[in-house]
Amino acid sequence: MPIMYDSGIYREMTAEELAELDSATPDALTEMVAEMSTATTIAQMRSAAKNFLEKTEVSVGAN
């Protein structure tokens, strides 16, 4: 069992806590890092970066 720091003590994580972590949706940065870590070509790295930018792009209204 993985160990976590909680309220000043180290303890083993419960099955419920582990399940919660496993079901968490990764954020855009985590997805990009995972894609880049397995990329074997520049095109794959560009694709990972492009996907990240598309997911995190903020639209600014024209004034």
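Reading the values: rules and limits
Residues numbered from 1 in each chain as written. Predicted model: local features only at pLDDT ≥ 70, side-chain atom pairs only at ≥ 80, totals over all residues. Heavy atoms only, no water. Helix = DSSP H or I, 4+ residues; strand = E, 2+ residues; numbered from the N terminus. Rg over C-alpha atoms; globule rule 2.2 N^0.38 Å. Salt bridge = Lys/Arg side-chain N within 4 Å of Asp/Glu carboxyl O. Buried < 20%, exposed > 50% of the residue type's maximum accessible area, 1.4 Å probe, protein only. Patch = residues over 30% accessible without salt bridge, like charges linked within 9 Å, V, L, I, M, F, W, Y side chains within 5 Å. Areas by Shrake-Rupley, 256 points an atom, 1.4 Å probe, with all protein chains shown as cover. Pairing = 2+ DSSP bridges. Contact = heavy atoms within 4.5 Å. Axes fitted to C-alpha atoms, helices over the stretch in contact; angles between N-to-C directions. Parallel < 35°, antiparallel > 145°, perpendicular 65-115°, else oblique. Nonpolar A, V, L, I, M, F, W, Y, C, P; charged D, E, K, R; others polar.

Caption draft 1: View of the overall build of the protein. A tally of regular secondary structure across the protein gives 3 helices and 2 strands. Start at the N end of the protein and walk to the C end: the helices and strands fall as β-β-α-α-α. Taking 63 residues into account, the globule formula puts the C-alpha radius of gyration at 11 Å, and the protein, at 18 Å, lies well above it. Counting only C-alpha atoms, the protein reaches 50 × 40 × 20 Å along its principal axes.

Caption draft 2: Structural view of the pattern of salt bridges. All chains considered together, the criterion is met by 3 salt bridges. Between D6 and R11 there is a salt bridge whose closest N-O contact spans 3.0 Å. By relative accessible area, R11 is classed as partly exposed at 22%.

Caption draft 3: Seen up close, a nonpolar patch on the surface. A cluster of nonpolar side chains, namely I3, Y5 and Y10, defines an oily patch on the protein surface of about 420 Å² accessible area. Considering the arrangement of structural elements, one finds Y5 in strand 1 (residues 3-6). Residue classification places Y5 among the exposed positions, given a relative accessible area of 52%.

Caption draft 4: Spatial organisation of the pairing of strand 1. As defined by bridge partners, strand 1 adjoins strand 2 (residues 9-12) across 4 bridges and the pair is classed as antiparallel. Its bridge partner lying in strand 2, D6 is registered against I9. The loop that links strand 1 with its antiparallel partner strand 2 comprises 2 residues; one of these, S7, has a positive phi angle of about 55°.

Caption draft 5: Highlighting the environment of I3. Position of I3 among the secondary structure elements: in strand 1. If near-sequence neighbours (up to four positions away) are discounted, I3 is found in contact with Y10, R11 and E12.

Caption draft 6: Geometry of the packing of helix 2 (residues 28-38) against helix 3 (residues 42-56). Two elements in contact, helix 2 and helix 3, have axes whose closest approach is 9 Å; the angle formed by their N-to-C orientations is 175°. As judged from the angle between their axes, helix 2 and helix 3 are roughly antiparallel. Residues A28, L29, E31, M32, E35, M36 and T38 of helix 2 form the contact with helix 3, whose own contacting residues are Q44, M45, A48, A49, N51, F52, K55 and T56. Classifying every residue of the contact of helix 2 with helix 3 by side-chain character gives 8 nonpolar, 4 polar and 3 charged.

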